[in-house]
Amino acid sequence: MSELVFGSKIMQLIIALILVSTFMILGSTRLYSCVRAFGIQSFLLASVAGIVAYSTGRYEIYIIALLTLVIKAAVIPYIFIYIIREIKVKREIDLYVNISPSLIIGGVLIVISYYLIRSINIRTELSSFALSASMSLVSIGLFIMISRKKAIMQMLGILIMENGLFLGAISLTHGMPLLVELGIFFDVLIGVLIMGILIFRINKTFECIDTDMLKTLIG
Amino acid sequence: MEYTYLLIGLIISYLIGAASSIILNKKDHLCACAAFISASIASVFGIILSLSVVFGETFTFTLSSSSFLNFGFFVDRLSAFFILLISIAVFAVSIYSIGYAKEYFGKKNIGYLGFLYNIFILSMILVVTANNAVMFLIVWELMSVISYFLVVYEHEKPEVRKAGFIYIVMTHIGTGFIILSFLILASGSGSFDFETFSSTGAAMPQMLKDLVFLFALIGFGAKAGIVPLHIWLPYAHPAAPSNVSALMSGVMIKTAIYMLIRVFFDFLGAGVLWWGVLVLILASASALLGVMYALMEHDIKRLLAYHSVENIGIILIGISVSMIFVSSGYTELAAFGLIAGLYHTVNHAVFKSLLFMGAGSLIYSTHTRNMEDMGGLLKKMPWTGLFFLVGSISISALPPLNGFVSEWLTFQAQLLSINLSDNIIKIAVLSSGAALALTSALAAACFVKAFGISFLALPRSKAVEHAKEGPKSMLFGMGTLSLLCIILGVLPFYFVPVLNSIAAPLVGTTISKVTFDLSLAVFSLRSESISTMWLFLMLFIFLSLPFILALAVGGRTPTKTYDTWGCGQPVTTARNEYTATAFSKPIRMWLGNIYRPHREIQITYAGSPYFKERLTFDAQVEPIFEKYMYEPVAGLVVSVSRILRVIQTGSIHAYLAYIFITLIILFAFVISGGG
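Because the structure is a prediction, the values reported are computed rather than measured.

Student: Which parts of the structure should I look at to understand the confidence of the model for chain B?
Tutor: For residues with low pLDDT, the predicted coordinates do not support detailed interpretation. Across chain B, the average pLDDT comes to 86, with 95% of residues at 70 or higher. Here the predicted complex scores 0.79 on pTM and 0.77 on ipTM.

Student: Would you mind showing me how to read the packing of helix 3 (residues 31-56) of chain A against helix 7 (residues 151-173) of chain A here?
Tutor: Between two packed helices, what matters for the description is the angle formed by their axes and the separation of those axes. Residues and elements named next belong to chain A. Where helix 3 meets helix 7, the closest approach of the two axes is 11 Å, and the angle between their N-to-C directions is 15°. Taken together, helix 3 and helix 7 sit at an angle that is classed as roughly parallel. The handedness of the crossing between helix 3 and helix 7 comes out as left-handed. Contact residues: helix 3 offers Leu31, Cys34, Phe38, Gln41, Ser42, Leu45, Val48, Ala49 and Val52, while helix 7 offers Ile152, Leu156, Leu159, Asn163, Phe166, Leu167 and Ile170. Each residue belonging to the contact of helix 3 with helix 7 can be placed in one class, and the counts come to 13 nonpolar, three polar and no charged.

Student: Looking at this structure, I do not really get the UniProt feature "domain: NADH:quinone oxidoreductase/Mrp antiporter transmembrane" (unreviewed entry) in chain B. What am I missing?
Tutor: Mapped onto this numbering, the UniProt entry gives "domain: NADH:quinone oxidoreductase/Mrp antiporter transmembrane" (unreviewed entry) at residues 130-415 of chain B. Along residues 130-415 of chain B one finds 80% helix and 0% strand; the C-alpha atoms at either end are 36 Å apart.

Student: What is the right way to read the UniProt feature "transmembrane region" (unreviewed entry) in chain A from this model?
Tutor: Those places that UniProt annotates as "transmembrane region" (unreviewed entry) correspond, in this numbering, to residues 6-26, 38-55, 61-83, 95-117, 129-146, 153-172 and 178-200 of chain A. In residues 61-83 of chain A, the share of helix is 100% and the share of strand is 0%. The end C-alpha atoms are 31 Å apart.

Student: Looking at this model, I keep getting lost on the nonpolar core. Mind explaining?
Tutor: The tendency in soluble globular proteins is for nonpolar side chains to be buried side by side. Ranked by internal contacts, the top residues of the largest apolar core, which has 214 residues, are Leu85, Ala89, Met124, Leu260 and Ile339 of chain B. Among the elements that make up this core, the one with the highest residue count is helix 13 (residues 331-366) of chain B (20 residues). Dropping the residues within four chain positions of it, Ala89 of chain B is found in contact with Leu247, Gly250, Val251, Ala349 and Ser353 of chain B. Core analysis: the second largest hydrophobic core is formed by 57 residues, Ile84, Phe129 and Val192 of chain A together with Leu656 of chain B among them.

Rules used in this analysis
- Residues numbered from 1 in each chain as written.
- Chains lettered and ligands numbered in written order.
- Predicted model: local features only at pLDDT ≥ 70, side-chain atom pairs only at ≥ 80, totals over all residues.
- pLDDT = per-residue confidence, 0-100.
- Axes fitted to C-alpha atoms, helices over the stretch in contact; angles between N-to-C directions.
- Helix = DSSP H or I, 4+ residues; strand = E, 2+ residues; numbered from the N terminus.
- Parallel < 35°, antiparallel > 145°, perpendicular 65-115°, else oblique.
- Left-handed = near helix turned anticlockwise from the far one by under 90°.
- Contact = placed C-beta atoms within 7 Å.
- Nonpolar A, V, L, I, M, F, W, Y, C, P; charged D, E, K, R; others polar.
- UniProt positions renumbered as here; feature names shortened; annotations may be inferred.
- Core = buried A, V, L, I, M, F, W, Y, C linked by C-beta atoms within 7 Å.
- Buried ≥ 20, exposed ≤ 12 C-beta atoms within 10 Å, placed from the backbone.

In structure tokens form, the structure reads like this:
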């Protein structure tokens, strides 16, 4: 069954597109386009879940796909755009690592993830493709958190990591129990809200959301 | 079945106490009543439960069971004995606290105090009933942390915060060693259950057993206050509210004694000779140094805290003598040593709680802890004075009160070491007897000072002049324990057989040849006997005889009120009085090598050297352990931390990068086939 689902060409295409969307975030210096890329990524993720649901015939995965679509592809990007608009942040991202090195590091991370998944024996060769993509998402998300100065990008990075985990979970288990998934969605939503509030507070205290300024807080 | 109800009743009562004090937070008086009355009700449950276990069956109650860990309660006679001890002290102290809490009305949050107080006691009960190492560590930590919050209850004072810091550092060092010790035991026996520990612990390799012994000694020794690890006691006990210090000193440090007995006798089996000798040396050192430093203290609560070190030493002398006997095969003598240790444990819990409550009453009415500022309080607070006197006599080990009985038993246990074959050990145990004798004498001197300076003579400062007796509940609390001091002292022959049955399963035998008439003769082997009962009766008879004679023969004599004779000088002010510093001067000179006293006199002259404007005198005893043992270690830790601080950059990106780098290294490790 799993070969059928993940082996299908359409699935591989979508997973590749997810990786491309990640590179869109890595390669962009505009906040809006980052958020848009994240929305696209979440939409693609929802369609992965939809395909899995279709081929396994389990109705609860449809619900998960729907929730992904609503929360990750619509609500969270909306919250991002709201924050960006409200605190009138400069639309450009300040970087620690420039765009071209970022892209190269992203590529290296994907290669590392691919080898990593190959070296731990996963049952089928085919679902390992999804798994290595999910590993790449996690590590690239972490890398985005490190290399970008704006607090919003840290938030985006952790959401990319979460997407990676979602992909990993769905590729390994064909969807966790509905209750667990619902819990995770709730967590993500609340997390985003809290992080949003924190960004407002940081903005109020430091007059900008550059996390570099937090250095002044050490004792 | 009825045990379960009792245990649940006990736990629920403490929880009700905790909850109600939070709910009634706003109303000080009501809140204090609710918190402390429910604590005393819970302690009654505890007393009934423990007595029924001591005279009945071992009791287990499982909360959840799995193949790996069984969370639950395990109450055998030893646990029950400690529940009893905790509950008795809690009963008296809780009733005392109803009055004592008035000290904080309007100044501090009573709900917070009541909440912590109830949870603290509950955690102590759980510590002595936990049935596996994991549960034990959780409740042990709970006890440590809650008691830390109680120590820093008056956190607006900087010295209290310092005391709390020292306490929490020391207690966590101890917990670290406890965890090590339990992990070794668990790996040796294959389970975290205490029952498995005790059934398979003795079969472990000797090296592992030695490690378990050493780690447990350090870990629990830090909580009990054995000498090099005692430094937190003189800070933490004075800093806490007096009712809490009564419990901390009277009861909490006994939980460490409980676990030491558990580990040494139950988990590790018979053990080897050097364990007992090591504990004996440390115990003798604790007893002697504790009382020596107590003599130099003028802060009444610090003085009592040092006496806790001393008494823990005396308790451990009994236990260590028992360990020596067990490892040499004299189980009957070992039972005797353990009885001595347990008897002193309960005695210390009773009289030390009493003395701390007495000190609390003094602070309640005079608002000072310095004995040099007190004086003349016996006339103003007669009942407190009486109760404090009873406690002082007990702790000084004077017959016929309880301290005497247990120290006498400890001496007997030490003297019985002449049965041992090894001469060196024999001499070591007997010289620890000499140390104990010196300790008792110094303790008596110390309490002559403590009682005499604070209660007798004239008031030494304005603080004392308006002192009044505290509320009735405080007197009731102290009175209960005073009565218990007398009962435990005069009727030891009722209690020794009970302790005998508690000690029996731990050493493997009971003392068979015991004669318990009105005297304390224990062994037909080499019998020494003394009867505190008769002493008490004689005391009554001979004290009242002169009065009866005077009344019968002498008739009325005229009374004349006159000043005290002051060697020809008129005694008019308190400045002529003997001070605590002066009282302890001979001992300070005699033991100068240990104290290394440091004196500084500063005179400011007003123009010419004939006119002295101000004279300040400052005398200090050098804190040897802090200066030569802890300060170098603390300095090392601080300098290492300063180096490590480089990685704390304050930048989120750097912290994330640490995670990222770790992740990549782990990836590389997996890819290279390391996994």
